[in-house]
Amino acid sequence: MPSREKRLRLTKAALSVWSASLGLALAQQAPFKDVPPTLEDIRFLYQKGIVQGYPDGTFRGKEYMTRYQAAAMLYRTYLVFADDVAKRVREALAQDSQARLEEALAAIKDLQEAVQIVQEAMADYPEVRASLEETRKNVEGLAEELAQVSSQMVTREEIGDLISSVGALENLIKRSEDGLKALQARVSVLEGALRDLEGRYQAGQGELNKKVYDLGGRVDALEKKGKNAPKLTVGGSVGLSDGQPDGEVFVRGEANGVRLDGRLTSDGVQVRAEQGGLTLEHRAQGGLSESRAGYRLFEGVALGLELGYGDSAFGVVRIVHEPDGGLIPGVVAEAGVGAGFHEGNLSRNLLFARAGYRFGAVTPSVGYYRYQGEEPYSLLEGRLDWGADFGSLGGYYRLVAFPGSGNRGSEWGVRFTSSSNPFVELGLRGANGLVAGEPGSFSFRYQNATASRTDFTVRVGYRLEF
């Protein structure tokens, strides 16, 4: 097999032959409609007949080549090079110069190497194998004749014999184009088969895409139907709280976008209904009651408006930053103000702010609440909520200061609920120096007291889902 250096010399020789025609090639208009005019090498190869493109006038430079296409390009390159070598040898012999004779011998040796390389590369293509072998023998014979006369003075008759041998080589090169046509015919058949296969693939892909689209529509319809299907969960739990029997009955339902949650305990009742951004809630506990109606505008960063009535009317405006869809993913925050009536006067007001961050399943947060009314207080809260596959755990600690009396109190609590069925609820809650309330509520307010209390709750329950 020829060495790499010989291959490089062949390439350089071919480029030197083509460079004479480069100026003319660059002046031509771009031969393919998908090739930019700036790609001059493609125009040059087209001008030389090495590349031909597709019948639709495209080059398709980003597509893969088949072995037959590569073989056809190699054989065209060889024919162009061989034809240029034959012309150079004929011109050198016609000048009857010893120096030009040596130049002709060097060109023939380059062609001899080129024929050997092409023969090795095209060994599997019978269309051109015989033609290449005949050309090789002819070039070897011409090289021997030139070598014999290159070192001595030759007569015009000998030069004429050499020119006749060159003419025979030129005729042989022209006849080699028949092998190229046969090879090109095979390439055309293969390209046609590939185009047919591509058309079938595209048709099949289109049909597959249609089926996938139809299937996706059916899945969406089933998901929508499943979401809109009525859901109902009922259950209850029994246990002990502060050493006394305790229990709870609850019901949760959802239909047509309306969610309902109701709870009945030994201490009171709580009902909540939601649809879209609208919320209705009523709570009665320990002889107190409060009803609220709220509406939330926007998502991500939402604006909440609430109106309610307990022992008197009140209203609250809040801004809520949700962990999903907010400006900063994971951030949980809200801030707001409220005002309420007392004995016919708008003398109650509320200011609050809370912020936290969701670290996976854990969400810590801190909050501040300031209530101004018949017994003002300031409240600072730290909270931690954790959710897992087996259950949820929540805990809080609150410090409450009563500026009117100068007293302070605290409240804390921990609660765990398993996600199993039957489920278990465990809770521990304590209060010191106050009557516990609910932060942000006008009705369930914190009150100054000297007593302390600790409650432990344990319940076992069961839920039914329909």
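Basis of the calculations
Residues numbered from 1 in each chain as written. Predicted model: local features only at pLDDT ≥ 70, side-chain atom pairs only at ≥ 80, totals over all residues. Heavy atoms only, no water. Phe/Tyr/Trp six-rings, centres within 6.5 Å; stacked < 30°, edge-to-face > 60°. Helix = DSSP H or I, 4+ residues; strand = E, 2+ residues; numbered from the N terminus. Buried < 20%, exposed > 50% of the residue type's maximum accessible area, 1.4 Å probe, protein only. Lys NZ or Arg CZ within 6 Å of the ring centre and 35° of its normal. Pairing = 2+ DSSP bridges. Core = buried A, V, L, I, M, F, W, Y, C linked by side-chain atoms within 4.5 Å. Salt bridge = Lys/Arg side-chain N within 4 Å of Asp/Glu carboxyl O. Patch = residues over 30% accessible without salt bridge, like charges linked within 9 Å, V, L, I, M, F, W, Y side chains within 5 Å. Areas by Shrake-Rupley, 256 points an atom, 1.4 Å probe, with all protein chains shown as cover. Contact = heavy atoms within 4.5 Å.

Structural notes on the packing of aromatic side chains
Applying the stated criterion across every chain, the model contains 11 aromatic pairs. Where phenylalanine 314 meets phenylalanine 442, the ring centres are 5.0 Å apart and the plane angle is 25°; that geometry is what we call stacked. Of the two residues, phenylalanine 314 is situated in strand β8 (residues 313-321) and phenylalanine 442 in the loop between β15 (423-435) and β16 (447-465); the sequence distance between them amounts to 128 residues. Phenylalanine 442 shares its class with phenylalanine 314; the two are buried. Between phenylalanine 352 and tyrosine 369, the ring centres sit 5.9 Å apart and the planes meet at 15°, which makes this aromatic pair stacked. In this pair, phenylalanine 352 is assigned in strand β10 (residues 345-357) and tyrosine 369 in strand β11 (residues 362-372), connecting sequence segments 17 residues apart. Of the two residues, phenylalanine 352 and tyrosine 369, both sit in the buried class. An aromatic cluster is present here, built from Phe314, Tyr371, Tyr377, Phe402, Phe442 and Tyr446 joined pairwise through their rings. A cation sits over an aromatic face here: arginine 283 above phenylalanine 444, 4.4 Å from the ring centre. Above the face of the tyrosine 396 ring, arginine 398 is positioned so that its terminal group lies 4.0 Å from the ring centre.

Considering unusual backbone geometry
The omega torsion across asparagine 421 and proline 422 is 5°, close enough to zero to call that bond cis. Looking at where proline 422 falls in the secondary structure, it is placed in the loop between β14 (407-418) and β15. The phi torsion at aspartate 242 lies on the positive side, around 55°, for a residue other than glycine. Residue placement: aspartate 242 occurs in the loop between β1 (231-241) and β2 (244-255). By relative accessible area, which is 40% here, aspartate 242 ends up partly exposed. Not every positive phi belongs to a glycine, and phenylalanine 298 is a case in point at roughly 70°. Assignment of secondary structure puts phenylalanine 298 in the loop between β6 (288-297) and β7 (301-309). When its relative accessible area of 61% is taken as the criterion, phenylalanine 298 is described as exposed.

A few points about the environment of aspartate 84
Secondary-structure assignment places aspartate 84 in helix α4 (residues 67-94). Between the C-alpha atoms of aspartate 84 and leucine 111, which are 27 residues apart in sequence, the distance is 9.8 Å.

Regarding the pairing of β15
Remember that side chains alternate between the two faces of the sheet whenever the strand is regular. Bridge count for β14 against β15 is eight bridges, and the pairing is antiparallel. Counted as the bridge partner of glycine 413 is arginine 429 from β15. Between β14 and β15, which pair antiparallel in sequence order, lie four residues. Sheet topology places β15 next to β16; 12 bridges connect them, and they run antiparallel. Looking at the pairing, leucine 426 lines up with valine 458 of β16.

Overview of the nonpolar core
Side chains of a nonpolar character, in soluble globular proteins, are inclined to be buried together. Ranked by size, the top nonpolar core spans 27 residues in total, and within it Tyr75, Tyr78, Ile108 and Met122 carry the most contacts. Elements that contribute at least two residues to this core include exactly α4, α5 (98-121) and α6 (126-150). Counting 14 residues, the second largest nonpolar core, distinct from the first, contains Val316, Phe352, Phe402 and Phe442.

Some thoughts on the pattern of salt bridges
Enumeration according to the criterion identifies 27 salt bridges in this entry. Residue glutamate 322 pairs with arginine 296 through a salt bridge whose shortest N-O separation is 3.1 Å. Of the two residues, glutamate 322 sits in the loop between β8 and β9 (331-342) while arginine 296 sits in strand β6, which places them 26 residues apart along the sequence. Residue glutamate 374 is joined to arginine 445 by a salt bridge in which the shortest nitrogen-to-oxygen separation is 3.0 Å. Taken as a pair, glutamate 374 in the loop between β11 and β12 (377-388) and arginine 445 in the loop between β15 and β16 lie far apart in primary sequence, 71 residues in all. The network of salt bridges with common partners includes Asp246, Glu248, Arg263, Arg415, Glu425 and Arg459.

Brief notes about the pairing of β2
Pairing of β1 with β2 involves 11 bridges; the strand directions are antiparallel. From the neighbouring strand, lysine 231 faces β2, where its bridge partner is glutamate 254. Between β1 and β2, which follow one another and run antiparallel, lie two residues, and aspartate 242 among them has a positive phi close to 55°. Across eight bridges, the pairing between β2 and strand β3 (residues 258-265) is antiparallel. In the strand pairing of β3, glycine 253 is matched with leucine 260. Hairpin connection, β2 to β3: the antiparallel pair is bridged by two residues, and asparagine 256 has positive phi, about 55°.

As for a nonpolar patch on the surface
On the surface, a cluster of nonpolar side chains totalling about 730 Å² of accessible area is made up of Trp386, Phe390, Leu393, Val414, Val424, Leu426, Leu428, Phe456 and Val460. Elements represented by at least two residues in the nonpolar patch include exactly β15 and β16. Among the elements that take part in the nonpolar patch, β15 stands out by supplying three residues, more than any other. Along the chain, leucine 428 falls in strand β15.

A look at the environment of leucine 350
Tracing the chain through its elements places leucine 350 in strand β10. The class of leucine 350 is buried, set by a relative accessible area of 4%. For the pair formed by leucine 350 and tyrosine 369, sequence separation is 19 residues and the distance between their alpha carbons is 7.3 Å. Residues within four places of leucine 350 in sequence aside, it is in contact with Gly336, Val337, Gly338, Arg370, Tyr371, Gly440 and Phe442.

Some details on the side chain of glutamate 290
By the element assignment, glutamate 290 lies in strand β6. Not counting the four nearest positions on each side in its chain, glutamate 290 is found in contact with Glu281, His282, Arg283, Tyr309, Gly310, Phe314, Ser441, Phe442, Ser443 and Phe444.

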